[in-house]
Amino acid sequence: MRVILQRSKQASVKVEGTVTGAIDSGYVLLVGITHEDTVDDAKYVAGKIAQMRLFEDEEGKMNHSVLEVGGDILSVSQFTLYGDVKRGRRPSFTSAARPEIAEPLWHAFNDALRENGLTVETGVFGAMMDVELINDGPVTILVESK
């Protein structure tokens, strides 16, 4: 599992012009799933994200988690995170899990975030989405399960 985490001041996702998820302060998560991923991977990454200290304290040091600051999550499935551009000019997506595998794992990941006490808004799996965000920092972190 591969997640691009972006700390945001505000974010939303639209499908066909309709907002399907929106948050104020928190994290935008672009979530890629590969063939070997399991529910255990989803739980591991969700727990890691819930506890990571990426928000500043009164001294300006990253000492607070998204839970501690009352932030929310906007989770967007993104198979293109497993795009391979080593050969040719068009990415190969053979490392991305097929939708029938990836979708249930993405839902399990979102459920695991909720089990860690987070409020989770989402995009729509497999849809063309417009994602808007105000990146805070910017702070962008890659979180992987393996």
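Just so we're clear, the structure is a prediction, and the values are computed from it rather than from any experiment.

All right, on to the overall build of the protein chain then. Along the backbone of the protein chain there are two helices and eight strands. What you see in the protein chain, going N to C, is helices and strands ordered as β-β-β-α-β-β-β-α-β-β. Computed over C-alpha atoms, the radius of gyration of the protein chain comes to 15 Å, within 12% of the 15 Å expected from 2.2 N^0.38 for 146 residues, which places it in the range of a compact globule. In terms of its C-alpha atoms, the protein chain occupies a principal-axis envelope of roughly 50 × 35 × 30 Å. Across the 146 residues of the protein chain, 42% fall into the buried class. In the protein chain, of all internal contacts separated by at least 6 residues, the share reaching a separation of at least 24 is 73%. Summed over all atoms, the accessible surface of the protein chain reaches about 8,200 Å², with 48% contributed by carbon and sulfur. For the protein chain, the centre of its 15 positive side-chain charges and the centre of its 22 negative side-chain charges are spaced 9 Å apart.

Taken as a whole, this structure holds three aromatic pairs when the rule is applied. Relative to phenylalanine 93, the ring of phenylalanine 79 has its centre 5.0 Å away and its plane inclined at 70°; by these criteria the two rings are edge-to-face. With a gap of 14 residues between them, phenylalanine 79 in the loop between β6 (72-77) and α2 (99-115) and phenylalanine 93 in the loop between β6 and α2 connect regions that are remote in the sequence. With a relative accessible area of 48%, phenylalanine 79 lands in the partly exposed category. Note on phenylalanine 93: relative accessible area 32%, which makes it partly exposed. Ring centres of tryptophan 106 and phenylalanine 125 lie 6.1 Å apart, and the angle between their planes is 45°; this geometry places the pair in the tilted category. On the criterion of sequence distance, the pair formed by tryptophan 106 in helix α2 and phenylalanine 125 in the loop between β7 (120-122) and β8 (130-144) is long-range, its members being 19 residues apart. Given the relative accessible area of 21%, phenylalanine 125 is considered partly exposed.

Further remarks concern the packing of helix α1 (residues 39-51) against α2. Closest axis-to-axis distance for the α1/α2 pair is 8 Å, and the angle between their directions is 35°. Read as a crossing pair, α1 and α2 show a hand that is right-handed. Along the contact surface, α1 presents Val39, Ala42, Lys43, Val45, Ala46 and Ile49, while α2 presents Leu105, Ala108, Phe109, Ala112 and Leu113. Looking at the contact of α1 with α2 residue by residue, the class counts come to 10 nonpolar, no polar and one charged.

Oppositely charged side chains can form a pair if their charged atoms are brought close together. Taken as a whole and assessed by the stated rule, the structure comprises five salt bridges. Of the charged contacts in the structure, one is a salt bridge between glutamate 100 and arginine 98, with a shortest N-O distance of 3.5 Å. Taking relative accessible area as the criterion, arginine 98 reaches 52% and is therefore assigned exposed. Here aspartate 111 ties to arginine 114 by a salt bridge, and the two come within 3.2 Å at their closest N and O atoms. Of this pair, aspartate 111 and arginine 114 both sit in helix α2, three residues apart, roughly one helical turn.

Conventions used here
- Residues numbered from 1 in each chain as written.
- Predicted model: local features only at pLDDT ≥ 70, side-chain atom pairs only at ≥ 80, totals over all residues.
- Heavy atoms only, no water.
- Helix = DSSP H or I, 4+ residues; strand = E, 2+ residues; numbered from the N terminus.
- Rg over C-alpha atoms; globule rule 2.2 N^0.38 Å.
- Buried < 20%, exposed > 50% of the residue type's maximum accessible area, 1.4 Å probe, protein only.
- Contact = heavy atoms within 4.5 Å.
- Areas by Shrake-Rupley, 256 points an atom, 1.4 Å probe, with all protein chains shown as cover.
- Lys, Arg positive; Asp, Glu negative; His and termini not counted.
- Charge placed at Lys NZ, Arg CZ, Asp CG, Glu CD.
- Phe/Tyr/Trp six-rings, centres within 6.5 Å; stacked < 30°, edge-to-face > 60°.
- Axes fitted to C-alpha atoms, helices over the stretch in contact; angles between N-to-C directions.
- Left-handed = near helix turned anticlockwise from the far one by under 90°.
- Nonpolar A, V, L, I, M, F, W, Y, C, P; charged D, E, K, R; others polar.
- Salt bridge = Lys/Arg side-chain N within 4 Å of Asp/Glu carboxyl O.

From the geometry alone we can't say anything about function, so treat these as descriptive.
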